[in-house]
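Here's the letter readout for the chains.
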Amino acid sequence: MRKILCYALVVFLLIVVDNNFAEASYCNYGNAVFFGNGMFNEQSSADSSLRRLKRMMITAGELPDEEWTFELSYNHNEGIYSLFEVYRQSVGDQAASFWRWLGSQDLAPEWFQNATHEIAATYDVAEAIIDADLNRHVQRYQSLLMEGNRVLVVAHSQGNLYANAAYTNLSQDNRIQMGAFGVVSVATPASRVAGGGPYFTLVNDIVIAAVESFFPGTLDPNVANIPNFADWTNHSFIKAYLNGNQTGPMIVNSALSQANSLSWPTPQIGSGPISVTLTWGAERDVDLHVNEPDGSHVYYGNMWGSSGYLDYDDVTSWGPEHYYVVDCENLATGQ
């Protein structure tokens, strides 16, 4: 039984358009590029990385705005960030020892070991945050792919763990055509790149070196830049990688090449001058209800209205459910 109802109140406007505009508004599929941030990135820092990546890709590829979109797949890092805060309170901002201790290159003092154990003991809280972030990423990728778009994730540092996990989740959904989803990895702490995409890790990236000493399966460093003293860790996405004389062009060109090599998925949900997409979290089934201007109630029990159509009703997972106005001729005034 469906117990949870989600109502979408959509304002329908009378829009006067010519046929060309109407055609473009709902028959134009595109490329969605996401940036998955690394650890210790606040939202503002991650946004800056996304903007820089966007500018460089648009310039290098001469990309038309109407065919390319850029979004952030933000992830938190509560557990390791809490550990780093304990370190900073005791030692200060110089983080070299932190990474050596974390990578077991030097014997960590007792207070650091105790803090590590305490945070590990409460990791279920951090894990819940990770799960929420990952579910949000997967649902967004899923909706775009089902609409007929190609999706590429450029992931930095721990963002690669999220991108790999998202790939695994999507591949278990038989609605998703995985040839339309790709990953380009930067400074990856993982042992693989989901889908077999390219990766770029600097030989002097001390963060990944520490991770590699702790997890020997980490992908080996594979590129070097002219020395850059703007980032002593050689790990920052902008300062070390996008600004690098080798890694900058390699990341941008690989992202363009990888995106253009993806296949176009067959659309499974429609698009029109107005569309509503509903995704949700841990609840098993949430329902989308739309009340149209003439009083038509569109939902799983009445999927056709006078203006639009509920073309996807999800009952087995976390969405999407999708409603759209088929064309402008059916568009009515009112709420």
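The text that follows walks through the structure, step by step, so that each part is easy to find.

Rules used throughout
- Residues numbered from 1 in each chain as written.
- Predicted model: local features only at pLDDT ≥ 70, side-chain atom pairs only at ≥ 80, totals over all residues.
- Heavy atoms only, no water.
- Helix = DSSP H or I, 4+ residues; strand = E, 2+ residues; numbered from the N terminus.
- Buried < 20%, exposed > 50% of the residue type's maximum accessible area, 1.4 Å probe, protein only.
- Contact = heavy atoms within 4.5 Å.
- Areas by Shrake-Rupley, 256 points an atom, 1.4 Å probe, with all protein chains shown as cover.
- Pairing = 2+ DSSP bridges.
- Axes fitted to C-alpha atoms, helices over the stretch in contact; angles between N-to-C directions.
- Right-handed = clockwise from strand over helix to strand, strands pointing away.
- Salt bridge = Lys/Arg side-chain N within 4 Å of Asp/Glu carboxyl O.
- Expected span 1.5 Å × (residues − 1).
- Parallel < 35°, antiparallel > 145°, perpendicular 65-115°, else oblique.
- Left-handed = near helix turned anticlockwise from the far one by under 90°.
- Nonpolar A, V, L, I, M, F, W, Y, C, P; charged D, E, K, R; others polar.

## Section: the overall build of the protein
Next, step 1: Scanning the protein for helices and strands turns up 10 helices and 11 strands.
Next, step 2: Considering the protein as a whole, with its 335 residues, one finds that 47% of them fall into the buried category.
Next, step 3: Taking all contacts inside the protein whose residues are at least 6 apart in sequence as the whole, residues at least 24 apart take part in 71%.
Next, step 4: A total of about 16,200 Å² of accessible surface is found on the protein, and carbon and sulfur atoms cover 52% of it.

## Focus: the pairing of strand β10 (residues 308-312)
Moving residue by residue along a regular strand, the side chains alternate between the two faces of the sheet.
Next, step 1: Buried residues dominate β10, accounting for 4 of its 5 residues.
Next, step 2: As paired strands, β10 and strand β11 (residues 321-325) are joined by 4 bridges and run antiparallel to one another. Bridging across to β11, Tyr312 finds its partner in His322.

## Concerning the sheet that holds strand β4 (residues 150-156)
Next, step 1: Spatially, β3-β2-β4-β5-β6 is the arrangement adopted by the 5 strands of the open sheet, whose pairing is parallel. At either end of the open sheet lies a strand with only one pairing partner, and these are β3 (68-73) and β6 (199-200).
Next, step 2: Where β4 meets strand β5 (residues 181-186), 6 bridges bridge the pair, whose relative direction is parallel. Residue pairing in the sheet places His156 in a bridge with Val186 of β5.
Next, step 3: With respect to the sheet, helix α2 (residues 43-61) is in contact with β2 (31-36), β3 and β4, its orientation differing from that of β3 by roughly 155°.
Next, step 4: Along the sheet, helix α10 (residues 247-261) makes contact with β2, β3, β4, β5 and β6, crossing β4 at roughly 155°.

## Focus on the pairing of β2
Next, step 1: Burial of β2 is extensive: 6 of the 6 residues sit out of reach of the surface.
Next, step 2: Here β2 shows two buried faces, one formed by Asn31, Val33 and Phe35 and the other by Ala32, Phe34 and Gly36.
Next, step 3: The pairing of β2 with β3 spans 6 bridges and is classified as parallel. Paired with Asn31 across the bridge in β3 is Trp68.
Next, step 4: Viewed along the sheet, the connection from β2 through α2 into β3 turns out right-handed.
Next, step 5: Examined bridge by bridge, β2 and β4 share 6 bridges and lie parallel to one another. From the neighbouring strand, Phe35 faces β4, where its bridge partner is Val154.

## Brief notes about the pattern of salt bridges
Next, step 1: A full pass over the atoms with the stated rule returns 4 salt bridges.
Next, step 2: We note a salt bridge from Arg136 to Asp133, for which the minimum N-O separation is 2.7 Å. Linking Arg136 with Asp133, this pair stays in helix α6 (residues 123-147), spanning 3 residues, or about one helical turn.
Next, step 3: Two residues, Asp314 and Arg175, come together in a salt bridge whose shortest N-O distance is 2.7 Å. One end of the pair, Asp314, is in the loop between β10 and β11; the other, Arg175, is in the loop between α7 (159-171) and β5, with 139 residues separating them in the sequence.
Next, step 4: Through salt bridges that share partners, Asp173, Arg175 and Asp314 make up one connected network.

## Here we look at the sheet that holds β11
Next, step 1: Taken in spatial order, the 3 strands make up an open sheet running β7-β11-β10, and their pairing is antiparallel. Across the chains shown, the open sheet's two edge strands, defined by having one partner strand only, are β7 (275-278) and β10. The average angle at which neighbouring strand axes cross in this sheet is 15°, direction not considered.

## Examining the side chain of Thr233
Next, step 1: The topology assignment puts Thr233 in the loop between α8 (206-214) and α9 (237-242).
Next, step 2: Assessed through its relative accessible area of 12%, Thr233 is described here as buried.
Next, step 3: In this structure Thr233 touches Asn204, Asp205, Ile206 and Val207, once residues within four positions along its chain are discounted.

## Details of unusual backbone geometry
Next, step 1: For Glu62, which is not a glycine, the phi torsion comes out positive at approximately 50°.
Next, step 2: Tracing the sequence through the fold places Glu62 in the loop between α2 and β3.
Next, step 3: Looking at Glu62, the relative accessible area reads 70%, which means it is exposed.

## Comments concerning α10
Next, step 1: For α10, built from 15 residues, the straight-helix expectation of 21 Å at 1.5 Å per residue is met to within 8% by its first-to-last C-alpha distance of 20 Å.
Next, step 2: Within α10 the residues assigned to the buried category are Thr247, Gly248, Ile251, Val252, Ser254, Ala255, Leu256, Gln258 and Ala259.

## Details of the packing of α2 against α10
Next, step 1: Two numbers describe how α2 lies on α10: the axes approach to 10 Å, and their chain directions differ by 70°. Between α2 and α10, the crossing angle belongs to the class labelled roughly perpendicular. Crossing handedness for the pair α2 and α10: right-handed. Contacts between α2 and α10 pair Met56, Met57, Ala60 and Gly61 from the former with Gly248, Val252, Ala255 and Leu256 from the latter.
Next, step 2: Tallied by class, the residues present in the contact of α2 with α10 amount to 6 nonpolar, 2 polar and no charged.

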